[in-house]
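# Examining the three-dimensional arrangement
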Amino acid sequence: DLADAAESKTIEEMAADAKMAMSIGTLRFAAGAILFESIKAASKDGLDEKETEMIFCIAEIMEVSKERVQAMMELVAEEEELKKKRIAACISDHPCLAPEYKN
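The structure presented is a predicted model; accordingly, all values stated were derived computationally and were not measured.

At a minimum axis distance of 10 Å, the contact between helix α3 (residues 31–43) and helix α5 (residues 66–91) shows a crossing angle of 50°. The orientation of α3 with respect to α5, classified from their angle, is oblique. In the crossing of α3 with α5, the sense of the turn from one axis to the other is right-handed. On α5, the residues touching G32, L35, F36, I39, K40 and S43 of α3 are R68, V69, M72, M73, L75, V76 and E79. Of the residues belonging to the contact of α3 with α5, the class tally is eight nonpolar, two polar and three charged.

Turning our eyes to something else, we now look at the pattern of salt bridges. All chains considered together, the criterion is met by two salt bridges. In this structure, the salt-bridge partner of K9 is D17, at a minimum N-O distance of 2.3 Å. For K9, a relative accessible area of 29% translates into the label partly exposed. A relative accessible area of 34% places D17 in the partly exposed class. A salt bridge links E81 to K84; its shortest N-O distance comes to 3.7 Å. Of the two residues, E81 and K84 are both situated in helix α5; the distance of three residues between them amounts to about one turn of the helix.

Attention now moves to the layout of surface pockets. A volume near 500 Å³ is recorded for the largest pocket. Every residue lining the largest pocket is counted, 17 residues in all, and those nearest its centre are A6, M14, E51, M54 and I58. Elements with a minimum of two residues in the lining of the largest pocket: α1 (2–7), α2 (11–21), α3 and α4 (49–61). When residues of the lining of the largest pocket are assigned to their parent elements, the largest contribution, five residues, is made by α4. Taken together, the residues of the lining of the largest pocket sort by class into 11 nonpolar, one polar and five charged. The wall of the second largest pocket is formed by 13 residues, among which K40, S43, K44, V76 and E80 lie closest to the centre. Elements supplying a minimum of two residues to the lining of the second largest pocket: α3 and α5. Considering each element in turn, the lining of the second largest pocket owes the most residues, six residues, to α5. By residue class, the composition of the lining of the second largest pocket is six nonpolar, one polar and six charged.

Basis of the calculations
Residues numbered from 1 in each chain as written. Predicted model: local features only at pLDDT ≥ 70, side-chain atom pairs only at ≥ 80, totals over all residues. Heavy atoms only, no water. Axes fitted to C-alpha atoms, helices over the stretch in contact; angles between N-to-C directions. Helix = DSSP H or I, 4+ residues; strand = E, 2+ residues; numbered from the N terminus. Parallel < 35°, antiparallel > 145°, perpendicular 65-115°, else oblique. Left-handed = near helix turned anticlockwise from the far one by under 90°. Contact = heavy atoms within 4.5 Å. Nonpolar A, V, L, I, M, F, W, Y, C, P; charged D, E, K, R; others polar. Salt bridge = Lys/Arg side-chain N within 4 Å of Asp/Glu carboxyl O. Buried < 20%, exposed > 50% of the residue type's maximum accessible area, 1.4 Å probe, protein only. 1 Å grid on protein atoms, 1.4 Å probe; cavity = no way out; pocket = protein on both sides within 12 Å on 5 of 7 lines; lining within 4 Å. Points joined across faces, edges and corners; volume = space filled by probe spheres on them.

Structure (structure tokens):
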């Protein structure tokens, strides 16, 4: 239900929600971790234009630079490539392996 509600919100409304949430206690120090995990989750099926725009919008509100966000996006991509290499080395012949990880 929360995901459905978020889908109907504008970027500005989602950004306002994020700004309000980030003002609570020590959450104001978690911006980097929250953005990184958001990028990771959104990247699972490929970042679309709206997701990318939202990430940069929220980052701006959280006072995280575009350069830092771009570095996080690159790190997420590097981690996925490393995961593929690890799977190829360890379990590439597993019968339940997802197609994207098969050689």
